[in-house]
Amino acid sequence: MANVTVIGAQWGDEGKGKIVDWLASRADAVVRFQGGHNAGHTLVVGDQTYKLSLLPSGIVTGTLSIIGNGVVLDPWHLKAEIAKLEGQGVEINTENFAIADNCPLILPLHRDLDALRETAAGAGKIGTTGRGIGPAYEDKVGRRAIRVCDLAHLDALDAQLDRLCAHHDALRAGFGQPPVDRAALLAELKEIAPFVLQYAQPVWKRLKKVRKAGARILFEGAQGVLLDVDHGTYPFVTSSNTVSGTAASGSGLGPNATGFVLGIVKAYTTRVGSGPFPTELEDATGQRLGERGHEFGTVTGRKRRCGWFDAVLVRQSCAISGVTGIALTKLDVLDGFETVRICTGYRLRGKILDYFPSHAADQAEVEPIYEDMEGWSGTTAGARSWADLPAQAIKYIQRVQELIETPVALVSTSPEREDTILVRDPFED
Ligand code: IMP
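Residues numbered from 1 in each chain as written. Predicted model: local features only at pLDDT ≥ 70, side-chain atom pairs only at ≥ 80, totals over all residues. Heavy atoms only, no water.

## Thoughts on the overall build of the protein chain
Thought 1: Secondary structure assignment for the protein chain yields 12 helices and 18 strands.
Thought 2: Counting only C-alpha atoms, the protein chain reaches 65 × 50 × 35 Å along its principal axes.
Thought 3: Out of the 429 residues in the protein chain, the part that is buried amounts to 55%.
Thought 4: Sequence-distant contacts in the protein chain: of pairs separated by 6 or more residues, those separated by 24 or more amount to 76%.
Thought 5: A distance of 3 Å separates the average location of the 45 positive side-chain charges in the protein chain from that of its 52 negative side-chain charges. (Helix = DSSP H or I, 4+ residues; strand = E, 2+ residues; numbered from the N terminus. Buried < 20%, exposed > 50% of the residue type's maximum accessible area, 1.4 Å probe, protein only. Contact = heavy atoms within 4.5 Å. Lys, Arg positive; Asp, Glu negative; His and termini not counted. Charge placed at Lys NZ, Arg CZ, Asp CG, Glu CD.)

## Points about the UniProt feature "binding site: Mg(2+)" (unreviewed entry) in the protein chain
Thought 1: Under the local residue numbering, the UniProt record ascribes the feature "binding site: Mg(2+)" (unreviewed entry) to D13 and G40. The annotated residues occupy 28 residues of the chain but converge on a single region, no pair of C-alpha atoms lying more than 8.2 Å apart.
Thought 2: Relative to the helices and strands, D13 is located in the loop between β1 (4–8) and α1 (16–24).
Thought 3: Note on D13: relative accessible area 26%, which makes it partly exposed. (UniProt positions renumbered as here; feature names shortened; annotations may be inferred.)

## Quick word on unusual backbone geometry
Thought 1: Residue Y234 is joined to P235 through a cis peptide bond whose omega torsion reads 5°.
Thought 2: Residue Q223 is not a glycine yet carries a positive backbone phi of 60°.
Thought 3: You can see Q223 is positioned in the loop between β8 (217–220) and α8 (246–249).
Thought 4: Residue Q223 is classed as buried on the basis of its relative accessible area of 10%.

## A word on the sheet that holds β8
Thought 1: If you trace the 10 strands from one edge of the open sheet to the other, you get β7-β6-β5-β2-β8-β1-β9-β13-β17-β18, paired in mixed fashion. The sheet terminates laterally at β7 (200–201) and β18 (420–422), the two strands that pair on one side only.
Thought 2: Strands β1, β2 (29–32), β8, β9 (260–266), β13 (325–329), β17 (408–412) and β18 of the sheet are contacted by α1, whose axis makes an angle of about 175° with β1. (Pairing = 2+ DSSP bridges. Axes fitted to C-alpha atoms, helices over the stretch in contact; angles between N-to-C directions.)

See below:
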């Protein structure tokens, strides 16, 4: 049976929550494979609203939910998020929830370093979510991370703590901060260990079994391809690979497990935090997009930057991530605009580019080349079939599809699950 991998094809916040929720309700297992609690998914099920940052979306419906090794896990946040959901009546137990035992931990010292660096960077800051994501990934590749499996061996952690603290103490000294309180860290880890360990296991083994039984697996990506540490707008990126390929490496399955790659694409563009954004609108139109689209961050509450749809960026994201089909979201936000613009190329120092260049200076300097399309006066909100859409809105979707060289699998026309035009069902494809 088919698996589905969902990824954001822009800078995150493409409206993955609703699509993932719909797919999760039909999956047998949902897996988070990268990022951490920097993500923010809002799920509306019946009259309840659930806010998830770290837990896979399947958790609210009792579907087997797995945190893969590619995630960085803050155990204290985990405990708080689970407690909050349990308070809303969600049942979370060792049957329906598992954490990879080789998953690296986010510690308080990572949050400290994230904040110290951002403050020191002033105007040059990345605009991180402040959750310690980057420093935790650095320690993972630096081979000094404390991982979930280490929580079962805290009495033998001395050599690892030596390495970790030597590194962080040197950095902290540079920022004029006292060394890590090693005893306090160990005590905190000892306290949280039993809670985390009850869910810990080699999840690759569990997933292998699930796959063998013919179950449907949904891989739930966080952030977006343009925030990928390799392919994104470096250095203004997150510290993980957000592309579809990470579904395999970040969960312990082979690359053929990823199945249908569904790229979530917003009908315009937004970005939170610093970094290049060629089609950004710092005028009344940008303001209107932000207000109509309720563009405020779920995790940090920050106002999102808004701009026109950039077909060059999305074409690149779809190619890099091997996107099979896209889910176009928030089309209704464009309702009522007299003209809608799509970026089809860039001008850079007299040259025309059909791709987004790698160097930060070039990325900051490219000027968008726009194609203008007539807008539509009718509403697309709540449409459930092509017949419900104004003709100009259909033309817009068709043009997007052509320019990004990737077919539309579904169109989402409101936050409600039913307000969706389904062209291709990713699980049945
Ligand atoms: P970090 O992931 O906290 O290190 O932040 C790095 C960059 O990624 C910043 O620009 C954040 O605003 C952005 N970012 C991280 N997570 C998300 C997300 O879930 N949605 C949108 N942007 C995000």
